[in-house]
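# Residue-level structure breakdown
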Amino acid sequence: MMLRLAAWLVLGLLALPVVTIVVTSFNATSSFAFPPEQWSLRWYRNVFDTPVFGSGLVMSLWLAAASSMIGLVAGTMTALAVVRYRFVGRGLVLSLVMAPLVVPEVVIGLSLLIWLQSVRWLSGNGAILLLHCLVVLPFVVRILVANLQRTDVNLEHAAMLLGANPVQAFVRVTLPTIAKGLAGALVFALVMSFHNFTATFFLVSTQQTLPVAIFQYIRTEHDPTIAALSTLLMVGAMVIVWVTDRLLGLERVTK
Amino acid sequence: MTLDQALPGPAGDTVRRRPGRRPNPVPYLLVLPALLLVAGLVGALLVLSLRSLEGAQGQVPSLAQYARIATSPHYLDHFTHSAWLAGAATLAAAVLGYPVAYYMERVGRPMRRAIMAFLAVVFFSDYVLRMFGLILVLGKTGIVNRLLVWSGAVDRPLSLMYNDFGVFVGLVSASLPFMILAINGVLARLDPRLPEAAALLGASPPRVFWHVTLPLSVPGIVSGGIIVFLLSLNSFVTPALLGGGFVEMVATFIYEQAINLFNLPLGAAAAMILFFVSMVLLVGVNGLFDRMGRRFGVREEGR
C-alpha cells in the first residue's frame, strides 16, 4: 500500500510538468499562471506564425533523415561484422562505435567545433551532419547486434547451398528476418537525432535546428507559444512510442 | 547505457573461423564506414587536447590552461559545485526511483507495460521541453507556489528556480527514467526463489526486503547511479534554463569560456578534464560494479 502510494507519487511528479505544459498551452493570456483564467488557441496559431520553428523543423527533419540513413547503413554493416565474424580488433571496434554514447556531449560539441575551425573542407552543416551520424550510430549498432544474434546463420548457408551468392543470400534471406530490427533502429535514430541539443548547440550558426530554436525562444520570450509547440511534439512522441512498441516491443528497447 | 552493457557476448557458434589462413578481409570492410565516422570524433578529440595545451601566448605544449583552472578557486568551484549537485541528484533519483522500479515488478503485466510506455514517452520527448515544463511548474505563479500560498504554508511565492534548488529538481527529473529502468532491469532478472526462500524460513516481508531484495538490487542502483551521475555532471540544458545564469556548472562554464568569451584553450582544458573524469568514473566504477555483481551472485549479461 505504502509502496503503491510512493510509486504513484513519483510517477505523478514526473507527469506534472507534462500536464502543466498541456494546460498552459490553452492559456488565453501571455502569463504562465496556473491554472489559467481564460482559455484560447492563440498560441497554437503563434507556433505557425513564428518562422524559426518552421525552418527549424525542416532543418531537424532533414538532419534526422540524412544521419539516420547513413547511421543505419554503417551501423548494420558493423553489427553484421561483429555478430558474424570473430576478428582481431573486434572488441576495440565495438568500444569505438559506442564511444559517442559515453563521451560527454559538451566535449563532443566543443571538439567538433574546434575541428571544424581547423579543417577547411568541413562546412558547418557537414560538421552537424557528422555529429548526428555519431549520435545515431551506437543505438543502431546495439539494436541490430541484438537482432542479428537471434537470427539463424544457417538460413543464409542454406540459401548459398541452393545457389545464391552471399549478397543475394543477405538481401533475400537475412534482410527480411531483421526487417523489424532495422525499422526499430531507424525510429530510434530519427528520434535521437531530432532531439539532440547540447552538442548541436555548439555547432549551429545561422540555420537553427528545432531544439535550438526552442531553447533560444525560451531564453528570450515569455509566453505559452512553447507550451503549444510542446503539446504538438508530445503527440508526435506518443505516436513514436506506439510505433516502436509495435515494431520492437518496449521492454526490449528501453533496456 | 554503459560500455559494459553495450558490448554483446561472444558470437558463439555463428563465428566463421578459418584456421591457418590469412585474415578474412570481409569484417574489416564491413566496419570501415562506421570507423570512418568515429575517426571524425577521435580526430576532433585529438585537436581538442592540442588546443587545451596552448599557453597564454599561444606556445605549445604548455599546461598553462590546466594550471589556471587548478589555481583559481573560482574556476574550481564550477567543478565541485557540479559534482555536488550531480551527487545530490543521483541520491534523490535512487531514493525516488526505487519504489517505482520495485512497484513495476509487483503489479500485473498490463500496469507494468503502461508504466513502461509512460517512461518511454518521457524518454522520447524533448529534453529542452521537459525543462521548460519545470519552469512552468516551479515559477512564481506555477502550481507549486499556488498550492503553497493557497494552503497558507507561505505568505508569498518562494523562489524555486534560478537557484540550486531549481537545477537540482531539473537534474532529478531528467534522471528518474534512467534510474527506474536500471533498477527495474536487475529486479526483473532477480531469482524469485531467493525472497521466497527467506520468507519460508520465517523472515517477515520487511526483513525479506532489507536483507534479500535490496542487497540483490545494488548492482542496478550502482549502474543507474553511474549513468545518472554522469548525465547530471555533464548537464548543460538544466543549469542553462533552470539556473537562469545564477548556477554555473562545468558544461555551461565550458560554453561560456569557449563560445562567449572566445577563450577556446581554457574551454578546451575544462572539456578535457570533464572527459577524463567521465571516463575514469565509467571504467573505474564499472570494474567495481563487476566485482560486486560476482559477490552477490548476479552477473550482468550482455543485453
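Definitions and limits used
- Residues numbered from 1 in each chain as written.
- Chains lettered and ligands numbered in written order.
- Predicted model: local features only at pLDDT ≥ 70, side-chain atom pairs only at ≥ 80, totals over all residues.
- Helix = DSSP H or I, 4+ residues; strand = E, 2+ residues; numbered from the N terminus.
- Buried ≥ 20, exposed ≤ 12 C-beta atoms within 10 Å, placed from the backbone.
- Contact = placed C-beta atoms within 7 Å.
- Nonpolar A, V, L, I, M, F, W, Y, C, P; charged D, E, K, R; others polar.
- Core = buried A, V, L, I, M, F, W, Y, C linked by C-beta atoms within 7 Å.
- Axes fitted to C-alpha atoms, helices over the stretch in contact; angles between N-to-C directions.
- Parallel < 35°, antiparallel > 145°, perpendicular 65-115°, else oblique.
- pLDDT = per-residue confidence, 0-100.
- Left-handed = near helix turned anticlockwise from the far one by under 90°.

### What about the overall build of chain B?
- In terms of regular secondary structure, chain B is built from 14 helices and zero strands.
- The helix and strand sequence of chain B, counted from the amino end, reads α-α-α-α-α-α-α-α-α-α-α-α-α-α.
- For chain B, the proportion of its 303 residues judged to be buried stands at 43%.
- For chain B, long-range pairs separated by at least 24 residues make up 74% of all intrachain contacts whose partners lie at least 6 apart in sequence.

### Focus: the overall build of chain A
- Broken down by element type, chain A carries 13 helices and zero strands.
- Listed by position from the N terminus, the elements making up chain A come as α-α-α-α-α-α-α-α-α-α-α-α-α.
- The principal-axis extents of the C-alpha atoms in chain A amount to approximately 75 × 60 × 35 Å.
- Out of the 255 residues in chain A, the part that is buried amounts to 49%.
- The contacts in chain A between residues at least 6 apart in sequence include a share of 75% that link residues at least 24 apart.

### What about the interface of chain A and chain B?
- On the chain B side, the residues contacting the 83 residues of chain A number 83 residues.
- Tallied by class, the residues present in the side of chain A that touches chain B amount to 62 nonpolar, 13 polar and eight charged.

### Observations concerning the environment of P224 of chain A
Residues and elements named next belong to chain A.
- One can find P224 in the loop between α11 (210-220) and α12 (225-248).
- Separated by 215 residues in the primary sequence, P224 and L9 have C-alpha atoms spaced 27 Å apart.
- Ignoring any residue separated from it by four or fewer positions in sequence, one finds P224 in contact with T24, S25, N27, F32 and W43.

### What to know about unusual backbone geometry
All names here are of chain B.
- We note that Y162 has phi near 60°; this positive angle belongs to a residue other than glycine.
- Within the secondary structure, Y162 is located in the loop between α7 (143-150) and α8 (164-189).
- Within the chain, F262 stands out as a residue other than glycine whose phi angle is a positive 55°.
- In this structure, F262 sits in the loop between α13 (250-260) and α14 (264-295).
- For F262, a count of 8 C-beta atoms within 10 Å puts it in the exposed group.

### Some points on the nonpolar core
- Ranked by internal contacts, the top residues of the largest apolar core, which has 168 residues, are L110, L131, L137 and V140 of chain A together with I254 and A271 of chain B.
- The biggest single contributor to this core is helix α6 (residues 124-149) of chain A, with 17 residues.
- If near-sequence neighbours (up to four positions away) are discounted, L110 of chain A is found in contact with F202 of chain A together with L48, I254, A258, G267, A268 and A271 of chain B.

### Quick word on the environment of R142 of chain A
Residue and element names in this part refer to chain A.
- Within the secondary structure, R142 sits in helix α6.
- Assessed through the 25 C-beta atoms surrounding it within 10 Å, R142 is described here as buried.
- C-alpha separation for the pair R142 and V173, spaced 31 residues apart in sequence, amounts to 21 Å.

### What about the packing of helix α3 (residues 51-84) of chain A against α11 of chain A?
Residue and element names in this part refer to chain A.
- It is the contact of α3 with α11, at a shortest axis distance of 7 Å, that shows an interaxial angle of 150°. One element, α3, and the other, α11, form an angle in the roughly antiparallel class. Taken together, the residues of α11 that come into contact with α3 (itself represented by V52, F53, G56, L57 and S60) are L210, V212 and A213.

### Some words on the confidence of the model for chain B
Residues and elements named next belong to chain B.
- For chain B, per-residue confidence averages 84 on the pLDDT scale, and residues scoring 70 or more make up 87% of the total.
- Low confidence marks residues 1-15, where pLDDT is under 50. Its contacts with residues over four positions away, or in another chain, come to 34 contacts.
- Confidence over residues 297-303 falls short of pLDDT 50; this stretch has 16 contacts with residues more than four positions distant or in other chains.
- Overall fold confidence for the complex sits at a pTM of 0.86, while the interface term, ipTM, reaches 0.86.

### So, the environment of L35 of chain B
- As for its placement among the helices and strands, L35 of chain B is situated in helix α2 (residues 26-52).
- In this structure L35 of chain B comes out as partly exposed when scored by C-beta crowding, with 17 C-beta atoms within 10 Å.
- Separated by 150 residues in the primary sequence, L35 of chain B and G185 of chain B place their C-alpha atoms 31 Å from one another.
- Setting aside chain neighbours within four positions, we find L35 of chain B in contact with V93 and L96 of chain A.

### Some remarks on the packing of helix α1 (residues 2-24) of chain A against helix α4 (residues 73-106) of chain B
- One can describe the packing of α1 of chain A onto α4 of chain B by two numbers: an axis separation of 8 Å at closest approach and a directional angle of 115°. Here α1 of chain A and α4 of chain B pass one another in a crossing that is left-handed. Touching L3, R4, A6, A7, V10 and L11 of chain A of α1 of chain A are L96, P99, V100, Y102 and Y103 of chain B, all from α4 of chain B.

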